[in-house]
Amino acid sequence: MKVQQFLDARGISFEMLPHEPTFSAQRMAQAVHVSGDNVAKTVLLKADGQFVLAVLPATHQIHLEMAREALAAHLLELADEEELAKVFSDCEVGAVPPFGTQYGIETLVDASLAEDDEIVFEGNAHRQAFRMKYRDFEDLENPQVAVFGYHQC
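Quick caveat: nothing in here was measured; it's all calculated off a predicted structure.

## Quick notes on the pattern of salt bridges
By the definition in use, this model includes five salt bridges. Across the salt bridge formed by Lys46 and Glu77, the nearest N and O atoms sit 3.8 Å from each other. Here Lys46, found in strand β2 (residues 39-47), pairs with Glu77, found in strand β5 (residues 76-78); they are 31 residues apart in sequence, far enough to count as distant. According to the relative accessible area criterion, Lys46 is buried, its value standing at 19%. Take Glu77: its relative accessible area is 35%, and that puts it in the partly exposed class. Each member of the salt-bridge network shares a partner with another, and the members are Lys46, Glu77 and Glu83.

Here it is as structure tokens:
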């Protein structure tokens, strides 16, 4: 299901931010004139063989050991491009919206994003971004919140 349809069907207020195609969360932040700290990037992980969607600020990197501990997993690794394309088959290759529940996947959110009033994130295509209240995102997703990101230098 497309992000816009998903949010509309649930009566969630959002703002669509069209922009030139970008292929990283940091570039998207620049394109829509939003701080990278408020842009959510999504990364598909495999925890003990099960997919998990990690959502963290565009300015951060995943600390895999901290994420593994938060998930109580024995083994945690990044999903490969083929797995990403298969799971997110309704998206342009590499575009990953932050709604794991749409795909039957648990969502893990870095605690720093949970402190924001609003978040901005990529939709199903590299030329669309959405802005919505974090509280609405949390109500929709009911994510596990943990500290697992660190600021990029």
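## Concerning the environment of Ala70
Positionally, Ala70 belongs in helix α3 (residues 64-71). You can call Ala70 partly exposed: its relative accessible area is 24%. As for Ala70 and Leu108, which are separated by 38 residues in sequence, their C-alpha atoms are 8.7 Å apart. Contact partners of Ala70, with chain neighbours within four places excluded, come to Leu108, Gln144 and Ala146.

## Re the nonpolar core
Leu7, Phe99, Ile119, Phe121, Met132 and Phe137 are the most contacted members of the largest nonpolar core, which totals 15 residues. Among the elements that take part in this core, helix α1 (residues 3-9) stands out by supplying three residues, more than any other. Core analysis: the second largest hydrophobic core is formed by 14 residues, Leu56, Ala67, Leu71 and Ala146 among them.

Basis of the calculations
Sequence order as written defines the numbering, with residues in each chain counted from 1. At least 70 in pLDDT is required for a residue's local features to be given in this predicted model, at least 80 for side-chain atom pairs to be given and counted, and no such filter applies to totals for whole chains, interfaces and linings, which use all residues. Only hydrogens and water are removed before side-chain values are computed, so all heavy atoms of the structure are retained for them. The rule for a salt bridge is simple: a side-chain nitrogen of Lys or Arg has to be within 4 Å of a carboxyl oxygen of Asp or Glu. Numbered from the N terminus, helices here are DSSP runs of H or I no shorter than four residues, and strands are runs of E no shorter than two. Only protein chains enter the accessibility calculation, which uses a 1.4 Å probe; a residue whose area is less than 20% of its type maximum is buried, one above 50% is exposed, and one in between is partly exposed. Residue contacts follow a heavy-atom distance rule, with two residues in contact if any of their heavy atoms lie within 4.5 Å. Grouping buried Ala, Val, Leu, Ile, Met, Phe, Trp, Tyr and Cys residues that are joined through side-chain atoms within 4.5 Å yields what is termed a nonpolar core.

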